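Secondary and tertiary structure notes
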Amino acid sequence: MGRANTLTNVVSTFMVLWCPVWVTMNWMSLEYFDGSLPALIKAFWTTDDALSMIWRYLPQASWTASLAYASWLAFQALLYYALPGKTSFGQRTPGGCRHRYEINGAMAWAITHLLFAVAVVQEWLDPAWIAKNWAGLFVAANVYGYLLAVFVFVKGRYAPTNVEDRKFSGSWAYDFWMGLELNPRIGSHFDVKLFHNGRPGIVAWTLIDLSFAAWQYEKFGSVSNSMLIVIVLHTVYTLDFFFNEDWYLKTMDITHDHMGMMLAWGDAVFLPSFYTIQAQYLAYHPVQLSTPAFIALMALGMGAYAAFRASNSEKLHVREADGDTMVWGRPATALRCNYWTADGKEHQSLLLTCDWWSIARHTNYTADLVLAWAMCAPCSGDGLVLPPWTYFIFQFVLLNHRIIRGEESCRNKYGEKWEEYCEIVPWRLIPGIY
Ligand code: NDP
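Residues numbered from 1 in each chain as written. Predicted model: local features only at pLDDT ≥ 70, side-chain atom pairs only at ≥ 80, totals over all residues. Heavy atoms only, no water.

To continue, consider the packing of aromatic side chains. Evaluation of the coordinates by the stated rule reveals 35 aromatic pairs. On the basis of an interplanar angle of 75° and a centroid distance of 5.5 Å, the ring pair of Tyr80 and Phe195 is categorised as edge-to-face. Here Tyr80, found in helix α4 (residues 63-82), pairs with Phe195, found in helix α9 (residues 192-198); they are 115 residues apart in sequence, far enough to count as distant. A relative accessible area of 3% places Tyr80 in the buried class. (Phe/Tyr/Trp six-rings, centres within 6.5 Å; stacked < 30°, edge-to-face > 60°. Helix = DSSP H or I, 4+ residues; strand = E, 2+ residues; numbered from the N terminus. Buried < 20%, exposed > 50% of the residue type's maximum accessible area, 1.4 Å probe, protein only.)

Our focus in this paragraph is the UniProt feature "transmembrane region" (unreviewed entry) in the protein. UniProt tags residues 7-28, 61-83, 103-122, 134-154, 223-243, 263-283 and 289-308 as "transmembrane region" (unreviewed entry). Counted over residues 134-154, helix gives 100% and strand 0%. Its end C-alpha atoms are 30 Å apart. Annotation note: span residues 289-308, helix share 90%, strand share 0%, distance between end C-alpha atoms 25 Å. (UniProt positions renumbered as here; feature names shortened; annotations may be inferred.)

Together, Leu114, Val118 and Trp124 make up an exposed nonpolar region whose accessible area comes to about 360 Å². Positionally, Val118 belongs in helix α5 (residues 105-121). (Patch = residues over 30% accessible without salt bridge, like charges linked within 9 Å, V, L, I, M, F, W, Y side chains within 5 Å. Areas by Shrake-Rupley, 256 points an atom, 1.4 Å probe, with all protein chains shown as cover. Salt bridge = Lys/Arg side-chain N within 4 Å of Asp/Glu carboxyl O.)

This part takes up the domain arrangement of the protein. Along its sequence, the protein is organised into domain 1 (1-288) and domain 2 (289-434). Spacing between the C-alpha centres of domain 1 and domain 2 amounts to 23 Å. Contact with domain 1, which involves 45 residues of that partner, is made by 42 residues of domain 2. When the buried area of domain 1 at its contact with domain 2 is split by residue, Leu233, Tyr237 and Trp247 rank highest and sum to 18% of it. Taken together, the links from domain 1 to domain 2 amount to four salt bridges. In this structure, Arg405 and Asp257 form a salt bridge, with 2.6 Å as the shortest nitrogen-oxygen distance. The interface formed by domain 1 and domain 2 includes 11 residue pairs in polar contact (both at pLDDT 80 or more). Contributions of two or more residues to the side of domain 1 that touches domain 2 are made by α1 (6-32), α2 (37-46), α11 (225-243), α13 (252-255), α14 (261-274) and α15 (277-284). Broken down by element, the residue count for the side of domain 1 that touches domain 2 peaks at 11 residues, all from α11. Class assignment for the residues of the side of domain 1 that touches domain 2 results in 22 nonpolar, 16 polar and seven charged. (Domains from an automatic or database assignment. Contact = heavy atoms within 4.5 Å. Buried area = accessible area lost by both parts, 1.4 Å probe. Polar contact = N/O pair within 3.5 Å; in protein donor to acceptor, adjacent residues only side chain to side chain. Nonpolar A, V, L, I, M, F, W, Y, C, P; charged D, E, K, R; others polar.)

For the structure on display, the rule yields 17 salt bridges. The partner of Asp253 in a salt bridge is Arg402, and the shortest N-O contact between them spans 2.3 Å. Pair noted here: Asp253 is in helix α13 and Arg402 is in helix α19 (residues 390-414), with a separation of 149 residues, a long-range link. Neither Asp253 nor Arg402 differs from the other in exposure class; each is buried. Note that Glu420 is salt-bridged to Lys417, the shortest N-O span being 3.7 Å. One end of the pair, Glu420, and the other, Lys417, are both in helix α20 (residues 416-424), three residues apart, so they sit about a helical turn from each other.

Structure below.
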């Protein structure tokens with residue numbers, strides 16, 4: 001209780017109302033203002049009749065797109081539920097639970113993409129269908145995002161999966177935005193958070209990119225090398241996510257963040273519409289990079305990805321081995337810490353102090369930010385910042401905010417040991433700078 005104050009109350013209310021406006025503005029700028037958010041803002045600022053302008057430019061719902069979206073959700077839910085998978089366990093929750101998961105994301109991704117490829121080759125499906133029906137899909141996703149947010153809020157209040165892992169802040173707005181339940185489930189198997197964080201949005205990520213690439217091809221007769229970088233880096237990133245889905249169970253999304261509108265609407269709308277924004281932008285504004293620029297950006301992106309994966313895997317690997325393992329050819333080093341769960345039981349954990357985790361406290365974020373930069377830089381032909389750079393700016397804000405949230409939570413969890421760790425590894429992201 002008592003997480004919220006007036007400021008968080010105001011900010012939460014603002015986020016609940018502002019988020020759909022924000023993504024809709026991006027959509028409008030791509031569709032009607034030559035991909036320029038500043039041009040859209042200027043047009044609204046200078047018009048005498050903003051209301052009729054909004055009405056004219058709003059994305060329109062369509063039955064076909066709504067039906068396709070509902071079928072997409074049902075198909076992904078079926079794959080999540082029915083495909084066989086490796087059994088894996090999440091990290092112990094503050095309430096003392098260790099949830100069991102059946103991990104089958106890689107197979108769901110492969111089956112979905114295979115079906116997409118077959119449908120395109122057989123000419124049952126226009127590969128640019130998603131791009132051409134983007135407005136209707138966007139509206140359907142927004143409606144679903146809000147419905148899901150209401151569902152998890154009501155479920156959290158009246159039928160929580162685990163009462164010990166539910167939090168009330170005293171503010172309805174904050175609870176609606178940040179969530180009540182940590183890991184809401186339908187039955188014992190269907191994990192609402194893992195499904196929504198992972199499946200409909202992240203599986204769709206590469207399909208949306210491919211569809212916008214097909215549209216670029218249809219409009220301009222070729223696919224630009226900048227689009228190729230975006231697709232390759234996004235594919236590597238999403239495949240990484242699914243091949244390491246049991247690692248994902250140990251990340252903050254699953255272990256710390258409660259399921260409220262931030263995740264529900266974020267997974268349904270924000271992820272598919274904002275994380276694919278480079279491909280959407282390039283479909284309207286193809287950028288052909290010089291060969292050296294192409295090679296340099298691809299190499300930077302792949303190098304950053306390698307560091308991202310290595311640092312994240314190292315943490316998982318050392319913790320799973322309880323510190324008794326080798327990294328970079330040397331014995332791993334870590335601080336052994338105690339913490340207590342809500343049931344009063346004492347547990348142990350490790351804070352790594354070796355290799356990636358000795359360079360800075362969040363080297364995995366540093367690598368992710370460089371990768372995000374490499375994903376956006378190919379779009380910089382017109383010199384526009386918004387929306388082509390939206391993904392990098394968003395990641396920069398999100399990961400810096402996570403540093404604050406994560407470190408506060410670790411300080412509460414590990415007390416003096418966390419302070420000791422901060423003395424051993426004094427930098428957050430870049431040694432000598434921050
Ligand atoms: P981490 O995997 O770094 O998890 C943070 C938690 O790890 C801390 O709260 C703490 O929790 C534990 N921890 C902190 N320091 C150490 C240490 N030295 N040794 C061992 N454990 C430590 O971050 P996230 O879960 O936020 O992100 C995981 C990855 O996903 C990152 O690479 C991030 O960049 C990426 N990401 C990508 C997003 C995207 O939208 N593209 C969004 C969010 C994340 P505890 O001790 O309780 O386990």
